[in-house]
Amino acid sequence: MTFDNKAADHVLTTDREFMDALRNDLRAADYSGSTVTAILDSAEHSVRRSQRVPAQRRLDARRASGERANADVLIELFIVGNALPAHEVAAVFSRLGIENAVRHGLLSQARPTEHSLEGSLEDSLVSAAVDLVPFSWTDAHGTVDWLIASDHGELSRRGPLPDDFVLGVGGATRTLAGLMLPRPVESLLDIGTGCGVLAMLASRYVQRVVATDLSHRALAFAAFNIALNLPDADNIELRHGSLFDPVAGELFDRIVSNPPFVITPRSADVPSYEYRDGGMVGDGLIRAVATGVARHLRDDGVAQLLGNWEYRLGEDNLRQVEQWFLDEGCSAWAIERERQSCDLYAETWIRDGGHLPHTQEFDRLYNSWVRDFEEREVVSIGFGYLVVRPAPGEIRMETVSGALGENALGLGVAIQASLEAASAIEKLSEEDVCALKLITATDVTEHRHYLPGEDDPAIIQLIQGGGFGRTINADTALAACVGACDGELSVGAIASALADLLDANPYELRRVLVSRLRELVRDGFLHIAFTG
C-alpha cells in the first residue's frame, strides 16, 4: 500500500507493530461476521436497522447465563457502542494493551479519572473511538471476512453526524460491490473510496488499484483498513484530491465510484457531509463524474457508478441522463432502480444525517430541502447505476422495477455477460444473426395469461429468474422462437418455420425477430451456442 496523507495522524495509526498486535487480539477473540451472527442471533437484524435494545438484551442474557466471551465485549464496545470497564476491555486487548489502544485512537477514556492516559486505566470506563465492525462478502473471487473501521454510525453515535464523517460499509457500498465486473484487469481507479472497501475488494483481481478521496480523514481510515485486513497488499495506492485531479492524464482499465451524489441544498444553514455531498447544485456532481470517466478509460475500459438524477417538470423518462452521454460522445447504460418524491428524498437524507423527525431542527432542514426542489422545479429523484465506455456507441436507458433476480449480489457477472454479448451481437448483420444457433437461458420461464373463455393468451411474458429479473412481453412468434432455441436449429430456420406456421411474411417476420433476439441475447435471456 502506498499512502501519503499529512492529516493521517489524527485518526488511527497504521504502525506495523500496532496492527500486528491488534490483529492477533481480534483473532484470539474470534471477532468475525460469523461469530457476531451466532452471538446476536435474531437481534442482528435489529442492529442493521440501528436498533440497539434487542442486541443489548441478548448480550445481557449471555452475561447472566455465564456465556459472555471476549467477542461479546467487542460487540458491546464497537457495535452497540457502550462504555465498558477498562479492566474488562484490557483482558481482550492483552497483546495490544489498552493504553496503546487509547493513545493511537482506537479507544477513548469515557470517564475522566485521576489517572493520566499514560498511567493506569483500571478504574475508568473506556469506549470505542471508532466503529470496527465485521464485513463479510462473497463474489466470483471468493469470500472475505474483514473488520472495517469508520466513524461511529447511527447506532453507536446517537446524535447528528459531523461534517467530516466517514461512513462504513453502507447499502450503497454493498450495491456497487455487487455490480463490479469480475474480470481481472491491469488497473482500476476508485473515486471517492471512503473507508476503502471497494478498493480492497478490487485488489484481489486487479494488478494496480488507485483509490482517491477529497477527505483526508477517509483516506486515513482506508489506510487503516488495508493495513488491518490486507497487511501484505502492495497494489493499492491512496491519493488525496477531488474527482479526477489526483489522476490527471492517467488512463485505467476500470473505474468504479460511489460518489457523494446526494442532492443537498446549497445553503449555509444546511449541513454538508463530505461522504455524501458533492458540493454542486442538484445532480451536477454525478453528471461531472459520469461524463468525465470516459477521458480516463482505456479504449476497452469500463466505468461503473452509482448516482441520483433529478426529474424536472415535464420530464418522465431518462432523457436528461441520456443527454449527458450524447454531449460527451461515449456509450452508456443507465439502469434506474427507484424513483422518489422530493419530500421522501428529503426525509431520507435528513434522517441519514442523524436528525430525528418531529424535532425543530428536522423541520427546519426539511423546509430548506423542499424549498430548494420547488425553486428549481424538481419533482422527483431517480436512483440507479451507470455503466460507461469511452467509445461512441449505444446509449441505453433502462428502468428495472421490482425485485432483482436470485443473483442480486452478483450482478457484476450479469453486467459483464451483457456487455460481452452486446459487443458480439451488435457487430453482426441480419444474415449473421440468422446463422446463429441460440440457447434459452436456464433461468427463463414463460407465463401466459388468458381472459376467461379465450383459447389464445392475452399476454405472454418471458421472465428472467437471475440477473436483473427482467420481465418482457412477447407475441406468439417471439415466444415460439425463444421456446425453439435449444441450440439445434439456426435462427433463420426457426424464423422460416414460424412464417409457414403463422402464415406470415417470412422477410418481415425474420426482420422483427432478429431485432428482438438481439435484445434478448444482450439481456441474458438467450445465449449464443455457435454459428454455422
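Quick summary incoming for the structure in this document. (Residues numbered from 1 in each chain as written. Predicted model: local features only at pLDDT ≥ 70, side-chain atom pairs only at ≥ 80, totals over all residues. Heavy atoms only, no water.)

**Some remarks on the overall build of the chain**
From N to C terminus, the chain includes 20 helices and 20 strands. The C-alpha atoms of the chain give 27 Å as radius of gyration, which agrees with the globular expectation for 532 residues (24 Å, within 12%). With respect to the three principal axes, the spread of C-alpha positions in the chain is 95 × 55 × 50 Å. The burial tally for the chain puts 52% of its 532 residues in the buried class. About 23700 Å² of surface is accessible on the chain, with carbon and sulfur atoms providing 49% of the total. Where the 48 positive side-chain charges of the chain centre and where its 79 negative ones centre are 2 Å apart. (Helix = DSSP H or I, 4+ residues; strand = E, 2+ residues; numbered from the N terminus. Rg over C-alpha atoms; globule rule 2.2 N^0.38 Å. Buried < 20%, exposed > 50% of the residue type's maximum accessible area, 1.4 Å probe, protein only. Areas by Shrake-Rupley, 256 points an atom, 1.4 Å probe, with all protein chains shown as cover. Lys, Arg positive; Asp, Glu negative; His and termini not counted. Charge placed at Lys NZ, Arg CZ, Asp CG, Glu CD.)

**Focus on the side chain of Arg68**
Mapping Arg68 onto the fold places it in the loop between α4 (53-64) and α5 (70-80). On the basis of relative accessibility, which here comes to 18%, the residue Arg68 falls in the buried class. Here the side chain of Arg68 touches Glu76 through a polar contact of 2.9 Å, side chain to side chain. Within the local environment of Arg68, its side chain forms a polar contact with the side chain of Glu88, the two groups lying 2.8 Å apart. (Polar contact = N/O pair within 3.5 Å; in protein donor to acceptor, adjacent residues only side chain to side chain.)

**Remarks on the pairing of strand β9 (residues 236-240)**
On any regular strand, side chains alternate: one points to one face of the sheet, the next to the other face. Bridge count between strand β8 (residues 206-213) and β9: five bridges; the pairing is parallel. From the neighbouring strand, Thr212 faces β9, where its bridge partner is Arg239. The parallel pair β8 and β9, bridged by helix α11 (residues 216-229), forms a crossover whose chirality is right-handed. (Pairing = 2+ DSSP bridges. Right-handed = clockwise from strand over helix to strand, strands pointing away.)

**Regarding α4**
The end-to-end C-alpha distance of α4 is 16 Å, a good match for the 16 Å that twelve residues give at a rise of 1.5 Å each. Within α4, burial applies to Ala55, Gln56, Leu59 and Arg62. Taken around the axis of α4, the buried residues stretch over an arc of 125°, which confines them to a single face. Across α4 from its buried face, at more than 90 degrees, point the exposed residues Val53, Arg57 and Ala64. In the core, the buried residues of α4 are packed alongside α2 (33-40), α3 (43-48) and α5. (Expected span 1.5 Å × (residues − 1). Arc of directions from axis to C-beta. Contact = heavy atoms within 4.5 Å.)

**A word on the sheet that holds strand β17 (residues 459-464)**
Across the sheet, three strands lie side by side as β16-β17-β18; this open sheet has antiparallel pairing. Unpaired on one side and paired on the other, β16 (444-449) and β18 (471-474) mark the two borders of the sheet. Across this sheet, the average inter-strand angle for adjacent strands is 25°, counted without regard to direction. As paired strands, β17 and β18 are joined by four bridges and run antiparallel to one another. Paired with Leu462 across the strands is Ile472, a residue of β18. (Axes fitted to C-alpha atoms, helices over the stretch in contact; angles between N-to-C directions.)

**Some details on empty space enclosed by the protein**
Left-over empty space is what a probe sized like a water molecule reveals as it rolls over the atoms. Taken as a whole, this structure holds four cavities of 30 Å³ or more when the rule is applied. Of the pockets and cavities examined, the largest cavity occupies roughly 120 Å³. Lining the largest cavity, in full, are Ser331, Ala332, Trp333, Val387, Val388, Arg389, Glu394, Arg396, Ser418, Leu419, Ala422 and Arg522. Quantified by volume, the second largest cavity comes out at close to 50 Å³. Lining the second largest cavity are 13 residues, with Pro260, Val262, Met280, Gly282 and Leu285 positioned closest to its centre. Residue composition of the lining of the second largest cavity, grouped by class: six nonpolar, five polar and two charged. (1 Å grid on protein atoms, 1.4 Å probe; cavity = no way out; pocket = protein on both sides within 12 Å on 5 of 7 lines; lining within 4 Å. Points joined across faces, edges and corners; volume = space filled by probe spheres on them. Nonpolar A, V, L, I, M, F, W, Y, C, P; charged D, E, K, R; others polar.)

**Some remarks on the packing of aromatic side chains**
All told, the structure shown has ten aromatic pairs when counted by the stated rule. Both rings, one in Phe135 and one in Trp146, keep their centres 6.3 Å apart while their planes meet at 35°; by these two values the pair is tilted. Of this pair, Phe135 sits in strand β5 (residues 131-139) while Trp146 sits in strand β6 (residues 142-150), and the two are eleven residues apart along the sequence. The class of Phe135 is buried, set by a relative accessible area of 1%. (Phe/Tyr/Trp six-rings, centres within 6.5 Å; stacked < 30°, edge-to-face > 60°.)

**With respect to the nonpolar core**
Counting residues in each nonpolar core, the largest one holds 104 residues, and the members touching the most others are Phe78, Phe93, Leu106 and Leu107. No other element matches α11, which puts nine residues into this core. Grouped together as the second largest cluster of nonpolar side chains are 31 residues, Ala441, Val444, Leu478 and Leu498 included. (Core = buried A, V, L, I, M, F, W, Y, C linked by side-chain atoms within 4.5 Å.)

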